[in-house]
Amino acid sequence: MNIFIAKLDFNTQEDSLKEAFEVFGDVSSVKIITDKFTGRSKGFGFIEMPDDDEANSAIDKLNESELDGRTIVVKKAKPKEENSRYNSRGNSNRKSY
DNA sequence: GTTGAGCGTT
């Protein structure tokens, strides 16, 4: 499950975010968005967790929580469509509750 | 030695 984290502190790095999420479950990957020109963090990032249940728990626990002294916003990430051209075969993975 | 709503660079 992809998780979107916003309002991160500009000093917060991927390691801190990963540690915060891997407490609730296994973290597949962590990604902090940084500006390409300035190289500074844009203040938001993404977390990828293989287990959806743990991911939802992590979202519920870490949403509006405190990280690096700043209140963060954790939600489910938008469905990122990488390839729409080659994905027209059948369906996409749409898990519903 | 900055800023603060919102969805990414492989």
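Only a predicted model underlies this, so the values are computations on that prediction, with no experimental measurement involved.

Thresholds applied
Residues numbered from 1 in each chain as written. Chains lettered and ligands numbered in written order. Predicted model: local features only at pLDDT ≥ 70, side-chain atom pairs only at ≥ 80, totals over all residues. Heavy atoms only, no water. Buried < 20%, exposed > 50% of the residue type's maximum accessible area, 1.4 Å probe, protein only. Helix = DSSP H or I, 4+ residues; strand = E, 2+ residues; numbered from the N terminus. Arc of directions from axis to C-beta. Contact = heavy atoms within 4.5 Å. Pairing = 2+ DSSP bridges.

> Requested: an account of helix α2 (residues 52-62), with residues and values cited.
An α-helix turns once every 3.6 residues. As a result, residues three or four positions apart point the same way. Taken residue by residue, α2 has Ala 55, Ala 58, Ile 59 and Leu 62 as its buried positions. Looking straight down α2, one finds its buried side chains confined to an arc of 100°; they lie on one side. Counted as exposed and oriented over 90 degrees from the buried face of α2: Asp 53 and Asp 60. The secondary structure elements touched by the buried residues of α2 are β1 (2-6), α1 (14-21) and β6 (73-76). One or two steps after α2, the chain reaches Glu 64, where phi turns positive at roughly 55°.

> For the pairing of β1, give the residues involved together with the corresponding values.
In the sheet, β1 pairs with strand β3 (residues 41-48) via four bridges, with the strands oriented antiparallel. Opposite Asn 2, over in β3, you have Glu 48 as the bridge partner. Here four bridges tie β1 to β6, and the two strands are oriented antiparallel to one another. In the sheet register, Ile 5 faces β6, and the bridge partner there is Val 74.

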